[in-house]
Structure formats: structure tokens, C-alpha cells
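Descriptive structure summary
For reference, the chains in residue letters:
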Amino acid sequence: MLIYLNGKLVPKEEAKVSVFDHGFLYGDGVFEGIRIYNGRIFKLKEHIERLYASAHAIDLKPPLTQEELLQATVETVRANNLRDGYIRIVISRGEGDLGLDPKKCPNPTVVIIADKIAIYPEEVYKKGMKIITVSTRRNSPQALNPNIKSLNYLNNILAKIEANRANVPEAIMLSIEGYVAEATGDNIFIVKNKTLITPPLHLGVLPGITRQTVIELAKERGIITEEKPFTLYDVYTADECFLTGTAAEIVPVVEVDGREINGGVPGEITLLLMKDFHEYVKKEGVEVYKD
Ligand code: PMP
């Protein structure tokens, strides 16, 4: 496996980062997770735009342009000869001293990893997922805005630990005010009276690329889509519920906190959108092996 590290493709064993890197010391940095479907990098431009928006929000200046990073990503996938897989791009603050001051880190670290992907078993998509709500609240946008895809994932990891203890693969996190925000690594949607509803970004959720894709696919089908706050009551009484994310794609949710949704089977609109999504990923994306 070849890893892109600060402008060079190096073997995995040589891809090493300093222990003084503030990504390691403080979780100071940003990242992206991207899918490769059939030799195409799905929504690469959108992921890079989100990465640069996250970097800008934490006042981190990437050492390469968006176009250069796009090319580097394509080259990394090509060098590893992958047609399907998962890409992780990380831009950390870089090496500094033991203090937390980012001023002491003049050179951000840039890493691109292209690897195989671990996905949920097929059964989860057929039968749907049972999840719970965890007590760990999603970070307040006033403290650390979840719009930023930062390396600081402890908030989500604390929620994931609760999910692990309850033996469920995902969990709902509420905002400080008690509205449904998102899952530990996925966005959430409900369907009520044929309307698709997802929490608005200002509530403090990641602007998911899959979330946006699903909104667009739903609109193309003429499904009314709303971004508005809702509560657990709305989830428990929803006609359908599903999660979206780069790795998870669209996962039907059939039970939340012991309350069955749609009689415990994936909903009709959920299944339609899953089908549309699978068709869409085949044709969208930056081609890796054009020549
Ligand atoms: N929310 C969080 C907290 C995430 O980490 C992710 C990405 N895994 C998502 C939502 C989904 O975003 P995307 O569709 O861009 O992968």
C-alpha cells in the first residue's frame, strides 16, 4: 500500500508522522472520508470543498490548492490500483511544540490513504438497524461546531462507547437543547406523511455529502424535503427513519429505544432512495482510470 504523505507516495511502513504533530497531541486538524465506486471517486470535489471549509473555519491553511489535492487524491487511488474502496484525507496542524499554540506549527501535515472498505453486513440493509439514543449530547455549535469535520472526534467516540455498551452499531445524539442532531458518524432522516425531514445544519450537525445527495435524489422524485428541528417523539412516531453516511450509505432504521418504526421493517421511501442512491453512485464521480 502506498500512502500520500506531504507530497510523496511512500510505502505504508514509511508513512510516519511526528509525535509533536498537533493532530496527534490535540486533535488539531480536519479530515474527509470518501468512497471509490467502480473506478470513480464519489463527490470528490464536494468532499474537498468541505475539507477546505473545515480547514478555513479552524484557521488552517492547506499547503496545496483544492485542485492539487484533487489530483493527489486521484494519483493515490491509481497508485494503489483500487476500483472500489475508501479514501481518508487528513490535514493536521503539523509539528509544533508541546504547547497548544497553532502559531508554532508552520507546516500542516497532509496524508491521503486509499484502502479497502469495511461496510455493514448485507442483513442490516435488508432488515434495518435497531439503534438507541445516547446520553452524550452532540457538541454545542457555540463551543465546537459539528459543521467542522475536525480530527477532534471524542464527542462522537463517547457516544459510540455508549452504543457499544448497549450492543447497537449506531446511536442518536441529541443537541444540547434536546433536538435530534445526528448519529455518531451518520446523518439522520425521518419520513412523516410522505415528507422527508432532516435536522438543519445550524442545529450542529455535519453537512453530510450523503445527506445532500439524498436530499437531491428525493427532490428529483418529487418527494417534499424539509430541514427542520425535530424531537425523539417525532422519531418514535415516524413512518420511516434512516441514517446516511459515506461508509454506511443509506441504512434503514427499524427500531429506536425499543420503539418499532414501520412495524419493524424498512420503509417504502427509504427503499426507493436506497435504490436511487445505488444507481447514482455508478455514474457520478471523478474517473481514476481515464487513460
Ligand atoms: N455525521 C458525522 C458526525 C460524521 O462523521 C459523518 C461522516 N462519517 C456524517 C455525519 C456523514 O457525512 P458524509 O455523508 O459526508 O459521510
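Residues numbered from 1 in each chain as written. Predicted model: local features only at pLDDT ≥ 70, side-chain atom pairs only at ≥ 80, totals over all residues. Heavy atoms only, no water.

What about the sheet that holds strand S1 (residues 2-5)?
Heads up, the rule is: Here, strands pair whenever DSSP counts at least two bridges between them. Under the DSSP-based scheme used, a helix requires at least four consecutive residues in state H or I and a strand at least two consecutive residues in state E, with every element numbered from the N terminus. Residues are treated as being in contact if the distance between any of their heavy atoms lies within 4.5 Å. For helices, the fitted line uses only the C-alpha atoms of the stretch in contact; every axis is such a line through C-alpha atoms, and the angle between N-to-C directions lies from 0 to 180 degrees.
Pairing within the open sheet is antiparallel, and its seven strands lie in the order S2-S1-S6-S5-S3-S4-S16. Lying at the two open borders of the sheet, with one neighbouring strand each, are strand S2 (8-11) and strand S16 (286-287). With four bridges connecting them, S1 and S2 associate as antiparallel partners. Following the sheet pairing, Leu2 is matched in S2 by Pro11. Where helix H2 (residues 44-57) meets the sheet, its contacts fall on strand S3 (29-37), strand S4 (40-41), strand S5 (85-92) and S16, and the angle it forms with S3 comes to roughly 175°.

Some words on the site of the ligand
Note the cut-off: Near residues are defined by distance, with any heavy atom within 4 Å of the molecule or strand qualifying the residue. Counted as a polar contact is a pair of N or O atoms within 3.5 Å, where, for protein atoms, one must be capable of donating a hydrogen and the other of accepting one, and residues adjacent in sequence contribute only when both atoms are in side chains. For the area figures, the Shrake-Rupley method with a 1.4 Å probe applies, and any residue is considered shielded solely by the protein chains shown.
Taken together, 17 residues form the shell around the ligand, and within it Tyr153, Glu182, Ile209, Thr210 and Thr246 come nearest. Contact between the ligand and Arg50: an oxygen atom at 2.8 Å from a side-chain N or O atom of the residue. Within the side chain of Lys149, an N or O atom sits 3.4 Å from an oxygen atom of the ligand. In the complex, the protein chains occlude 92% of the 390 Å² of accessible area that the ligand would expose alone. Looking at the shell around the ligand, the elements that each hand over two or more residues are helix H6 (209-220) and strand S13 (240-245).

Digging into unusual backbone geometry
What is expected of a backbone is that most residues other than glycine have negative phi and most peptide bonds are trans. Inclusion rule: Buried, partly exposed and exposed residues are distinguished by accessible area as a fraction of the type maximum, computed with a 1.4 Å probe on protein chains only: under 20%, between the cut-offs, and over 50%, respectively.
Positive phi outside glycine occurs at Asn81, with the angle close to 55°. Position of Asn81 relative to the elements: it lies in the loop between helix H3 (66-79) and S5. Among the residues examined, Asn81 registers a relative accessible area of 61% and is labelled exposed.

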